[in-house]
Structures are given as structure tokens and as C-alpha cells.
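What the coordinates show
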Amino acid sequence: MEGVMAAESGITQLASSTAYRFVMGVDSEPTVMPQSQLDSLADPMGVLLRQGKFPLTLHDLLAEVDAAGMLPLQRSYLVSEAGQIPLAETGSLQRDLRFAITRARATNVDLLISTSAAGDPAATFLQVMGWDETAGRFNYYMRLGPTWVWAGDSYSALAPESRGQGCFDSHVNGSLVMKELKQPWLHWQSMNATILLAPDDPLRRNPLYQSLSGAEDLELTVRAGVSRWTGVRLKHAVTSDGRVTDLDRLLRQLCTTTAVNLASSVTASSTVVRSPGKPLTLPLGLWLNVDSLLDDLGLPARFVPPSVPGQLYLDSLVRYDFALVEGEFRQPGDAFFAFVVPEAAFEDIEVVNQLVRRKMISAHFAASVLMVDFPNPVFSPARVKLLAYVPAAATLDPAGGGVSQQVAEVIVQAVDSLPADSPEARFADHWRLADADWRDVFASRIQDYVNAVTLRIGTDQGFDDYVRLAESRRREFKSSRLNEFTLTLPVTNIPPDAPLLQMNEDGTISEKPAQSATEGKAYGQFSF
Amino acid sequence: MVSSRFDPPGGLTDLDETGLEQWSAFISVSVDAAIAGRPDHTNDAPRAQFYNLTKTDTAEDATSQDISWIAFPRQVKVSSVSDRQRWTRADSSRDLQDEYCEWSVTRRPDGKITRVTYTCEGPEYWQLLAQTRPDTLLELYQQHVDPAVQHGDLFDASGSYIPRNNRNSITTNGAMHLVQAANTLSAEIELVAAASIVRVIDGRELTGEQELINCGQYGAPQRNSDPHIGGVVNSIARLKADLVLRNPVGMYFGDLSTAGWDTPDGSDAKSYWTYVRGDDGHPVRAVYEVPKELEFVVGDIVIDGNPIEFGAQIADFISIKAIAVACRFGQSTAAPMTACVEDIEGLAAAFSAAQLKSRLI
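What counts and what doesn't
Residues numbered from 1 in each chain as written. Chains lettered and ligands numbered in written order. Predicted model: local features only at pLDDT ≥ 70, side-chain atom pairs only at ≥ 80, totals over all residues. Helix = DSSP H or I, 4+ residues; strand = E, 2+ residues; numbered from the N terminus. Rg over C-alpha atoms; globule rule 2.2 N^0.38 Å. Buried ≥ 20, exposed ≤ 12 C-beta atoms within 10 Å, placed from the backbone. Contact = placed C-beta atoms within 7 Å. Nonpolar A, V, L, I, M, F, W, Y, C, P; charged D, E, K, R; others polar. Domains from an automatic or database assignment. Pairing = 2+ DSSP bridges. Axes fitted to C-alpha atoms, helices over the stretch in contact; angles between N-to-C directions. pLDDT = per-residue confidence, 0-100. Left-handed = near helix turned anticlockwise from the far one by under 90°. Arc of directions from axis to C-beta. Core = buried A, V, L, I, M, F, W, Y, C linked by C-beta atoms within 7 Å.

**As for the overall build of chain B**
For chain B, the count of helices and strands is eleven helices and 15 strands. Here the C-alpha atoms of chain B give a radius of gyration of 21 Å, agreeing with the 21 Å that 2.2 N^0.38 yields for 361 residues. C-alpha atoms of chain B, sized along the principal axes, occupy 60 × 45 × 45 Å. Per-residue burial for chain B yields a buried fraction of 50% across its 361 residues. Residue pairs at least 24 apart in sequence account for 71% of intrachain contacts in chain B once pairs closer than 6 positions are excluded.

Have a look at this one:
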């Protein structure tokens, strides 16, 4: 959104019914798209433009898609960071309701539209993603003034010059984005929450509103879309002779945090009570990357999700003055669903999962990296260091394991000159584990760690630590361009420049090493 | 217009005329009891915005609203730490399948899934069918569960139907209708009626699904279904409308999403999803099975890269729905309640027993 606004502010005159290109970081201004490039756009939006159709409102765009008859299945979804704030209390607050609309021929969604649910349809933002099956990538478009502009494709998100620029500030890895991807889908209309509307809100008469689907359905579409792009990307990353190109860009999604999702408790914050019989279960993504480690890599860890007595949680809201704040608006308390934290992004998780499934790296290698500093599933300076050992390209090992052995050997060779607790040494310890043992060893460590957390979380000091850890991670998220909306997360009275915190394997927390942010930037971790 | 009677769920045609009348009477009694509220609870009645469509007019401004939720049980999901763990648990017991959808998995000797059967039919209909047309009930079991099912498998020595019989109680031996204790039509009707009460507590109108179910004490707060049904119903009630569950009252399959599914031959994974009971718009029984002439089975289909190894994996993609109808928008004069529901000590148990008895046919 920021990129779009910046682009719009710089636009003076574009010709109508003319396709432009404007890839931020590459193009200094919108230029008329060469016919040869326009002819290559094979996604549904590109097809419309090639046919000389330039619908300038959502209504007209959907009408053109209907007329083309190519994507008959439509779903609409609604999101707003202010959607659960009581209408009587919003005052002048902009509620910023937005539609996400999908169009599909059958199972796979090929066109996604994002636009405001209110305001002048000819003036509000209107953005489109289209899947180009021929090229195997998404194309990104935005309406600018009287026409449409191609803003890049999935590979633009990965290219250094345009990475993090324009629409790729949120589509970090060239795929779909739904930050609040998991239940309870904070901010989205879903089977867990209905966005508040006044009885006479004109939106109620909008057919897109009347036919809304829940975010639980959009989650499936987004996951499938991320997987679709990841699959094609990885397929194209391996040459016919087994050479893996862009290996560093792929393993960046194993070693660093290129993006995050926002997870929360499934409990509405207003319903948390002081009764000891009703503890609050915190999101698993706060503790570790369960999706990669337990689901995809199959670590047989068994534990009960840690929960906190409601009283400790409620006391923390007062102690740290939690509130939703935008301009003059202030609503004391947490977000609508309790305890929001950044967690490992599905787009990173899926790359790792498919790298393993396609035997480009081994499960043991992936786990050996992820178990370095595993109590910090996001923003880990330790794992970032391992990326320095990854070459830009490598050849798949005929003996199996993909590129695992080559990369691991380089890391292991570096260990001699490094401290015993260095990330490299920890990786080497993991890598030396026998194939028959590593899953059980890692699972045991995870269980010990969760047991330590479970013991501490019920204590005043322990839970206070975790509240401050969560706030620290939220501050790291807020420093990224993914943080587009002020009301996405609550604010607290913890100073913005307070030391960043990290979790330790014994369940305690400590300050992060001072150099971590710099190192992160060096590898693109915080550059989105 | 006042409806002449309540029809069977999904427009099912198993009942004779007597059965149809009894079914309508049963739903009508259940609705009336729900309108009256629970006398063993305070702040639970009147439920002035919930009405019986066979006794009260449904006005011309009536609109329908689907209320849908995911079939995978939320209580299992939030207490599990991995997908494999939750799928294993949900596939282990019908008692855990509490989102008005239960299933049974059929496997080959090598463990691969060949067929999964899902049902959202409430048990009340089958109780009535057993009383009025027991032979039809047996035929339905033979048609949908196993041709070898015998009368003695379903009825006890006194001729009473056994809802949780051997062919309808576990997750591998057939699923004819819902048996999980909370998965009943009566429960659905009661919670819709209870949720129709608008509540203003300490000057604040309750709007959140969890705070509403906690305050109104309807259904189970930990499920996907009950808080959501209640939340949507209450949002309609806040528009000062009257509302009902649309005739035919029931729970229905909403859809199966196959986003991210891949078949070995590239065919459409959704084409193997078939509704086998219920009419258009009101399916109550579904089967996921690959035709035998094809050279693969359900267990060869992958979802997000993972082969289908559990019926619960598919349940992640199934939506169940109830359908509400609202009318007389802006006209209700019912005053919001300013307190939450509370049990009246000592009466709850006695009332529950009496209410249950009154609803059995």
C-alpha cells in the first residue's frame, strides 16, 4: 500500500486505455509497456489488457471477467483492523474496510483483487494479482489514474533491485499475502468474528458483502497459491544438469525471517477472565516453529500448548498499558483476539518444505538449521549467520541430500575458529547426529524447552518475561514494511527503543546481541 | 406467509405421511420450547425475536443467510500441537467430531484410504424413522453403510432403535447419522433461539461471538459452530429483525474446497466428492471416493503435498452450514437484556430432564 501511495503521488498524467509498466526500484516512472512485453502477459488481467479492456472500477473489472467467461467462480472476503471496534467509539477513526476477491475457473484461484470496500470506486486503490500459468508466476497490477500499470511479477520480488519495493513490500517473496493466516484470522471476517457494521451502512447492500465468505476459506486459497508459486519457482531453480541457481535466495527462507504471519490466541481478549479454571492458551508460534519442525520435518515432540492464568494476562494489560491507538483514537486493552505475535511465515515454511520434498535439501539439514536457536522462530540472529555459508549456486549431490552436504561441510569447517556456542558449532552438533537419532534428539529438546516454559509461564516473573518478549517481537515486526496499518497491533508503554529480547532454551529470556539488526539487514531479513 | 409445516431435513423422502406430520410436530414443539427459553435459567427469556414459522407470518422482506463453519473440530485443533496429531485424534472417535459433522474412513488392507463418508444428519430424524418405518431405516443402512447390515445390528431385543449401534458409533465401521452428544437438531434450534436475545451489559452492546455465548450460555464456546451460529444470529437480531431457521430445519454441507489438492492423473479432485442424501442446497450426506475404474484411490491424492491419510484432513476443507431467515427488519420492539444468563440453583437438572422428555417422540 505504501508503495502504491508513493507511486500515485508521483503520477501526473497517464494516458487512458494504455498499459504501463512501473516496477519500483527498476523503473523511475511509469512508462508505456512495450507491445512485446504486453503480449507476453498470459494471466487473466494481462489477457484483458491485451484485448484493450481497461476497466477502471471494481464493478467494471468484475463485469469484464464475467464477460470473458474464463473465471466463473467468485468469492469475496472482508478485512479491517478496526472491524471489531464498537461503532459508537470509533469517532473519526477510518475503519478502512477492504475487500479481497478471488476468481477461479475450478480449484485454483487465478485472479485476486484487493480494494477498499468504501469510498469512490473510481478513486480508491484497486490492485490485482493474476496467475500466469505459462510463465509460472504471479503478475501484479494497480490502477493508477485513468489506466492500469504492471508493477512486476513474482520474480521482481526476488530481484535485488526491486526486492521490498512497491507492492513487494508486502508480497515479499512474490506470492499471496494474508498476514493473519491462521485461526482466528484476526482482523478478518470469519467463522470466529463478524466485522461490525452500522444497521444502515450502505455496504450491507453491496452484493460482495452479501455473499461474503469467511477467512477460513481464504486461508486455504492463500496456502494453495503460495504452494503453487513455490513449486514452480523451485522447479525452475534446478537446471537440467542438476545445478541449483539462486540457492542463497532459497535458503534465505530457511535461515532468515523474510516475512512473518501474525498469530494470536483463539480467545477474544475481552472474554479472558481471572478464574483459574479458564487459562489462556498462547499461540504456538510464539514458542517455536511447529509447522516446520513438527509437521513438515516430522519431529515426534508431544506437549500440551502452554497456557497462562487469566489473571496474569489481565494484569499485564494494565501494567503495560496495552491499547489500540491511531491518531486521537485510543481503546485500552489488547487486540480483539488476545496475545498477537509474529510467527514464522507460511511462505518461508513452504519453501523449506518443498526444498525437502523435492530433495534439494535433506530433512536433517533443514532441521539442523532450524534447531539452531529454535526458541526464536522469527528474527533469529543466530540462524542468519548460517546464510553466509550458502553459495549462490550449487549442484545437487548424486548421492542424495541435494546440496545439504556441500553447505554443511563449509559450516562445519568454520567451527574450529569459533566459540563452542556459536551458531556454526550448534549446527555442526546437529548435523553430526545419526539419521536414526536426530528426530528423537530434537523432539526431546523441544519437549524439555516447552516444559521449562510451562513451569515459568504460571509465575509472575515468567509471564512478565513472555509479555515483554512478545512485545519485542512486535516491535521488530513494526520496523518492517509489512506493518502497513497502525491498528494491526496494540501499543504498550514499553519504550520503542527498549532492548530487543530473545528466548533461551531454558525458558528464560535475555537481551538480543546488539549487532543482530545489522546482520539481519545484511541478509535481507529486515529489508522488506 | 405462514408455512404449512416443517419439512424433513434436506427434503428427505424416507418418511410416510404420518411420519411427515410427526416430524413437523416435533420441530414445531422444539421451536416453541426454544421460544419459551429455559425456565431454570434467569435472563433467558423472552426470546421475542425467534418465531415459529408455522404459526407466525414470515414477512415479505425476508432474506436468508447461510452460517457456515469448518467441519474439523476446533476443540481438537486448539489442544493439538501438530497437524498429524490433530488428524489422528479427530479420526479416533466420533465423540470428538463435534462440529455437526461426523465421518467414517474405509481403508485397503495396506492402510490406504479408499473412501470417507461424512454425515450431518441429526439423530432425531432417525429416531422417528425407526419408529415409523423401521424397514426403510434398515434399507438405508444397507444402501449407505453395508449391504450386510441386519435388523438385529440396529435394534435391540425390544425393537428399539440403537442410534449408537455397531455400524454407527466408531470412525471406521460406518457413519449413518450424527451420534456425538452435542450434535443434535434440538441443540441447534435452542442455541439459535437463545442467541436471538440482544444483550447490553454495563451499557455496552455485546457483539463478539465468544462474549455472546459466554453471556447467553448457549452451546459449547469451544466449538467452531455454536459461537458462530450464535454470533451471526445475534447480529441479525441487533438489526431489530425476527428470525428463524429456514425450513427445512437442519445442518447441511456447505462446500468442499479443494484448493491445494492434486490427483495423480491431474483430474479435478472435487469431482470425487458426491452428495448422496438431501436435495439441492441441502445435502446431508457426502462421500469422497475415487471411481473404481481409475487407477488410484483417495489415499493417492495429496493436499498441499501431503497424501490423504486421514478423514480429518478432508474435514479441514469441508464447510457445514445452517440457514437462517430474517424478516421485519427494524420492527422488533424487544428490549435488550441487561444481564447474562445464570442457572437457577437446583432447577437446572430437573428441567433438563423434563425438556429432553418433552422433545422425544
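Having seen the model, we can carry on.
**Focus on the overall build of chain A**
When you go through chain A residue by residue, the secondary structure sums to 18 helices and 18 strands. Against the 2.2 N^0.38 benchmark of 24 Å for 528 residues, chain A shows a C-alpha radius of gyration of 24 Å, consistent with a compact globule. Out of the 528 residues in chain A, the part that is buried amounts to 54%. Across chain A, contacts joining residues at least 24 apart in sequence account for 69% of those joining residues at least 6 apart.

**Some remarks on the interface of chain A and chain B**
Tallying the contact residues gives 30 residues for chain A and 32 residues for chain B. Of all elements in the fold, only helix H7 (215-237), helix H9 (290-296) and helix H11 (346-357) of chain A reach the threshold of two or more residues within the side of chain A that touches chain B. Split into classes, the residues belonging to the side of chain A that touches chain B amount to 14 nonpolar, eleven polar and five charged.

**Details of the domain arrangement of chain A**
Residue and element names in this part refer to chain A. Along its sequence, chain A is carved into domain 1 (2-221) and domain 2 (238-522). Look at where the C-alpha atoms of domain 1 and domain 2 centre, and you get two points 30 Å apart. Considered class by class, the residues forming the side of domain 1 that touches domain 2 number nine nonpolar, seven polar and seven charged.

**A closer look at the sheet that holds strand S3 (residues 102-107) of chain B**
All names here are of chain B. Read across the open sheet, the four strands follow the order S3-S4-S11-S10; overall the sheet is antiparallel. The open sheet has two edge strands with one neighbour each: S3 and strand S10 (273-277). Averaged over all neighbouring strand pairs, the angle between strand axes comes to 20 degrees, with direction disregarded. The pairing of strand S4 (residues 113-119) with strand S11 (residues 285-289) spans five bridges and is classified as antiparallel. Within S11, the residue paired with Thr-119 across the bridge is Arg-285.

**With respect to the confidence of the model for chain B**
Residue and element names in this part refer to chain B. Residue-level pLDDT values for chain B average 94, and 95% of them are 70 or greater. A low-confidence stretch, residues 348-361 stays under pLDDT 50, and its non-local contacts, those more than four residues away or across chains, total 17 contacts. Among the prediction metrics, the complex's ipTM stands at 0.93, with pTM recorded as 0.95.

**Let's talk about the pairing of strand S5 (residues 109-116) of chain A**
Residue and element names in this part refer to chain A. In terms of burial, S5 is a largely internal element, seven of the eight residues being buried. Sheet analysis places strand S4 (residues 98-104) next to S5, joined by seven bridges and oriented antiparallel. Within the sheet, the bridge partner assigned to Thr-102 lies in S5 and is Leu-112. Hairpin connection of S4 to S5: four residues between the antiparallel strands. Across five bridges, the pairing between S5 and strand S6 (residues 126-132) is antiparallel. Bridge pairing links Ser-114 to Gln-127 in S6.

**A short note on the pairing of strand S7 (residues 137-144) of chain A**
Residue and element names in this part refer to chain A. Judged by how many residues are buried, S7 sits mostly within the fold: eight of eight residues are covered. What you see with S7 is no split at all: Arg-137, Asn-139, Tyr-141 and Arg-143 on one side and Phe-138, Tyr-140, Met-142 and Leu-144 on the other are buried throughout. Relative to S7, S6 runs antiparallel, the two being bridged by six bridges. From the neighbouring strand, Trp-131 faces S7, where its bridge partner is Phe-138. The antiparallel pairing of S6 with S7 creates a hairpin that spans four residues between the two strands, and Gly-136 there sits at a positive phi of about 70 degrees. Pairing between S7 and strand S8 (residues 147-153): six bridges, direction antiparallel. In the sheet register, Asn-139 faces S8, and the bridge partner there is Asp-153.

**Focus: the packing of helix H8 (residues 247-255) of chain A against H11(A)**
Residues and elements named next belong to chain A. Relative to each other, H8 and H11 sit at 115 degrees, their axes nearing to 8 Å. Viewed along their axes, H8 and H11 form a crossing whose handedness is left-handed. In this structure, H8 uses Leu-250, Gln-253 and Leu-254 to contact H11, whose residues at the interface are Asp-348, Val-351, Val-352 and Leu-355. A breakdown of the residues in the contact of H8 with H11 according to their chemical character gives five nonpolar, one polar and one charged.

**A few points about the sheet that holds strand S12 (residues 302-303) of chain B**
Residues and elements named next belong to chain B. Across the sheet, three strands lie side by side as S9-S12-S13; this open sheet has antiparallel pairing. Each edge of the open sheet is held by one strand with a lone partner, namely strand S9 (261-262) and strand S13 (306-307). Pairing of S9 with S12 involves two bridges; the strand directions are antiparallel. The partner of Trp-261 across the bridge, within S12, is Ile-303.

**Remarks on helix H3 (residues 83-90) of chain B**
For H3(B), the full list of buried residues reads Asp83(B), Arg86(B), Trp87(B) and Ala90(B). The buried residues of H3(B) occupy an angular sector of 100 degrees when the element is viewed end-on, so they sit on one face. Residues of H3(B) that are buried in the fold lie against H9 of chain A together with helix H2 (74-78) and helix H10 (311-315) of chain B.

**A word on the nonpolar core**
Membership of the largest hydrophobic core comes to 154 residues, with the highest contact counts inside it found for Tyr141(A), Val149(A), Ala151(A), Leu293(A), Ala366(A), Ala367(A) and Val369(A). When residues of this core are assigned to their parent elements, the largest contribution, seven residues, is made by helix H16 (residues 438-457) of chain A. The residues that make up this core include at least three from each of domain 1 (2-221) and domain 2 (238-522) of chain A. When sequence neighbours within four positions are dropped, the list of residues in contact with Val369(A) reads Leu254(A), Cys255(A), Arg383(A), Leu386(A) and Phe427(A). The next biggest cluster of nonpolar side chains, apart from the first, holds 98 residues, and it includes Phe26(B), Cys120(B), Ile213(B) and Ala326(B).

**Here's the deal with the environment of Pro86(A)**
Tracing the chain through its elements places Pro86(A) in the loop between strand S3 (73-79) and S4. Considering only alpha carbons, one finds Pro86(A) and Asp169(A), 83 residues apart in sequence, at a separation of 31 Å.

**Comments concerning unusual backbone geometry**
It is generally the case that most residues other than glycine have a negative phi and that most peptide bonds are trans. With an omega dihedral of 5 degrees, the bond running from Ala45(B) to Pro46(B) counts as a cis peptide bond. In this model, Asn247(B) is joined to Pro248(B) through a cis peptide bond whose omega is 5 degrees. Examined against the element boundaries, Pro248(B) turns out to sit in the loop between strand S7 (242-245) and strand S8 (252-256). In this structure, Trp185(A) takes a positive phi of about 55 degrees despite not being glycine. Mapped onto the elements, Trp185(A) comes out in the loop between helix H5 (154-158) and helix H6 (207-210). Owing to 26 C-beta atoms within 10 Å, Trp185(A) belongs among the buried residues under this scheme. Its identity as a non-glycine residue notwithstanding, Asp202(B) has a phi of 50 degrees, on the positive side.

**Describing the confidence of the model for chain A**
A residue-level look at chain A finds 95% of positions with pLDDT of 70 or above and a mean pLDDT of 94. Contacts for the low-pLDDT stretch residues 520-528 of chain A, under 50 throughout, to residues beyond four places or in other chains number 31 contacts.

**Here we look at the environment of Asn43(B)**
All names here are of chain B. By the secondary structure assignment, Asn-43 is in the loop between strand S1 (41-42) and strand S2 (63-70). Along the backbone, Asn-43 and Cys-340 are 297 residues apart, and their C-alpha atoms lie at a distance of 6.1 Å. Beyond its immediate chain neighbours, meaning those up to four positions away, Asn-43 contacts Met-337, Ala-339, Cys-340, Val-341 and Glu-342.

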